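One letter stands for each residue in the lines below.
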Amino acid sequence: MTIFCTIYYICSYIETIPQIVKLIKTKSSHDYSLGMIALQLVALISWSIYIFTTKQNTVVYIGTIIDLILLLLVDFLILKYYKADNQ
């Protein structure tokens, strides 16, 4: 079952990294939905709480931490460039 968890995390990272690159390159975030980003963050925080309050495989802990860091980076960049676009 660890292989499926690993596949999930790899796909999640592949999905997130282009968002980070696009945000840094364009310095604009108006094509992102703040509601969707907030919902993703709530979902990942809920997942993280569940993972860290149960006994899991090391891959799950590491994957969840990296997933959380990447999403927080996306959220930070979106908010940073969203505020810059509105000024």
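Our structure's up above, just so we're on the same page.
Residues numbered from 1 in each chain as written. Predicted model: local features only at pLDDT ≥ 70, side-chain atom pairs only at ≥ 80, totals over all residues. Heavy atoms only, no water.

Novice: In this structure, what is going on with the side chain of S48? I would like to understand it.
Specialist: Summarising the element assignment, S48 is placed in helix 2 (residues 34–52). Setting aside chain neighbours within four positions, we find S48 in contact with T64 and L68. (Helix = DSSP H or I, 4+ residues; strand = E, 2+ residues; numbered from the N terminus. Contact = heavy atoms within 4.5 Å.)

Novice: What is the right way to read the packing of aromatic side chains from this model?
Specialist: Two measures describe an aromatic ring pair: the distance that separates the ring centres and the angle between the ring planes. Enumeration according to the criterion identifies 4 aromatic pairs in this entry. Relative to Y13, the ring of Y9 lies with its centre 6.2 Å away and its plane at 25°, an arrangement referred to as stacked. You can see Y9 and its partner Y13 sitting in helix 1 (residues 2–26), 4 residues apart, about one turn around the helix. Classification of Y9 as buried rests on a relative accessible area of 4%. Note on W47 and Y50: the rings are 5.9 Å apart at their centroids and 40° apart in plane angle, and the pair reads as tilted. In this pair, W47 and Y50 are both assigned in helix 2, 3 residues apart and thus about one turn of the helix distant. When its relative accessible area of 39% is taken as the criterion, W47 is described as partly exposed. (Phe/Tyr/Trp six-rings, centres within 6.5 Å; stacked < 30°, edge-to-face > 60°. Buried < 20%, exposed > 50% of the residue type's maximum accessible area, 1.4 Å probe, protein only.)

Novice: What is the right way to look at the side chain of S29 in this model?
Specialist: Checked against the element boundaries, S29 lands in the loop between helix 1 and helix 2. At 2.8 Å, the side chain of S29 and the backbone oxygen of I78 are in polar contact. (Polar contact = N/O pair within 3.5 Å; in protein donor to acceptor, adjacent residues only side chain to side chain.)

Novice: Honestly, the nonpolar core in this entry has me stumped. Any pointers?
Specialist: Side chains of nonpolar character tend, in soluble globular proteins, to be buried together. One finds Y9, I20, L23, V60, V74, L77 and I78 to be the most contacted residues of the largest nonpolar core, which totals 14 residues. The set of elements that each furnish at least two residues to this core consists of helix 1, helix 2 and helix 3 (58–85). For I20, the contacting residues outside a window of four places in its chain are L70, L73, V74 and L77. (Core = buried A, V, L, I, M, F, W, Y, C linked by side-chain atoms within 4.5 Å.)

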